[in-house]
Amino acid sequence: MKKVIIALALAAICSCMRPDYIGDADGNLPVYIEGTVSSEELDPLKHIRVTVSFEGEEENSVVYTSSKGIFRTDTYIDPNDLPLTISINIDDIDGEENGGLYSPLSDKITIFSEDIKGLSVVKLAPDYRMTRATASESSQQVL
């Protein structure tokens, strides 16, 4: 009898949830931010630091580009907070590793409710192209 009651309770709970929505225990959606970083010549830049900051959050997500210049970060957001602005800061922190120093970039992208697809939010950031740092920017670089 207990198994039947538990099964009915689970069925009732599941019927109230959106079938295409899976979140964390608080009902937050998983969000994946993906993008690429390359030089002006379109060469992928590896080991570039990408800091992703969500509006209203104190913690940042810091990731580094792969050998193909790709970065990806994920977090959870409350769908009731949409639209949500995300700041992306891109910094070359490895000195001459990529053939020279590159100037930092900053961008802001916004997640809208239309970006919710199926089980999560995937937001593709633009392809970022970094330019070579000037002499004054190079001298300020902390290695």
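One can find the structure itself at the top, above this paragraph.
Residues numbered from 1 in each chain as written. Predicted model: local features only at pLDDT ≥ 70, side-chain atom pairs only at ≥ 80, totals over all residues. Heavy atoms only, no water.

Chemist: Would you mind going over the sheet that holds strand β1 (residues 29-39) with me for this structure?
Modeler: Hydrogen bonding along the main chain pairs the strands of a sheet, whether they run parallel or antiparallel. The strand order β4-β1-β8-β7 describes an open sheet built from four strands, whose pairing is mixed. In this open sheet, the two strands that pair with only one neighbour each are β4 (70-77) and β7 (116-117). Where β1 lies against β4, eight bridges are found, and the strand directions are antiparallel. Considered in β4, the bridge of Thr36 is made with Ile70. (Pairing = 2+ DSSP bridges. Helix = DSSP H or I, 4+ residues; strand = E, 2+ residues; numbered from the N terminus.)

Chemist: What exactly am I supposed to notice about the nonpolar core here?
Modeler: In a soluble, globular protein the nonpolar side chains are often hidden away together inside. Membership of the largest hydrophobic core comes to 24 residues, with the highest contact counts inside it found for Ile33, Val37, Phe71, Ile86, Ile88, Ile90 and Tyr128. Among the elements of the structure, β1, β2 (48-54), β4, β5 (84-92), β6 (105-111) and β8 (120-130) are those that each provide at least two residues to this core. Apart from residues no more than four positions distant in its own chain, Val37 is found in contact with Pro44, Leu45, Ile48, Thr65, Gly69, Phe71, Ile90, Asp127, Tyr128 and Met130. (Core = buried A, V, L, I, M, F, W, Y, C linked by side-chain atoms within 4.5 Å. Buried < 20%, exposed > 50% of the residue type's maximum accessible area, 1.4 Å probe, protein only. Contact = heavy atoms within 4.5 Å.)

Chemist: I keep staring at the pairing of β5 and nothing clicks. Help me out?
Modeler: Residues in a regular strand point their side chains to alternate faces of the sheet. Across seven bridges, the pairing between β2 and β5 is antiparallel. Residue Ser53 lies in a different strand from β5, and its bridge partner there is Ser87. Looking at chain direction, β5 and β6 are connected through seven bridges and run antiparallel. Counterpart to Ser87 in the pairing with β6 is Lys108.

Chemist: Before we go on, may I ask you to explain the environment of Ile86 in this structure?
Modeler: Mapped onto the fold, Ile86 is located in strand β5. Take Ile86: its relative accessible area is 0%, and that puts it in the buried class. A C-alpha to C-alpha distance of 9.6 Å links Ile86 and Gly56, two positions 30 residues apart in sequence. Once residues within four sequence positions are removed from consideration, Ile86 is found in contact with Ile33, Val52, Ser53, Phe54, Asp107, Lys108, Ile109 and Ile111.

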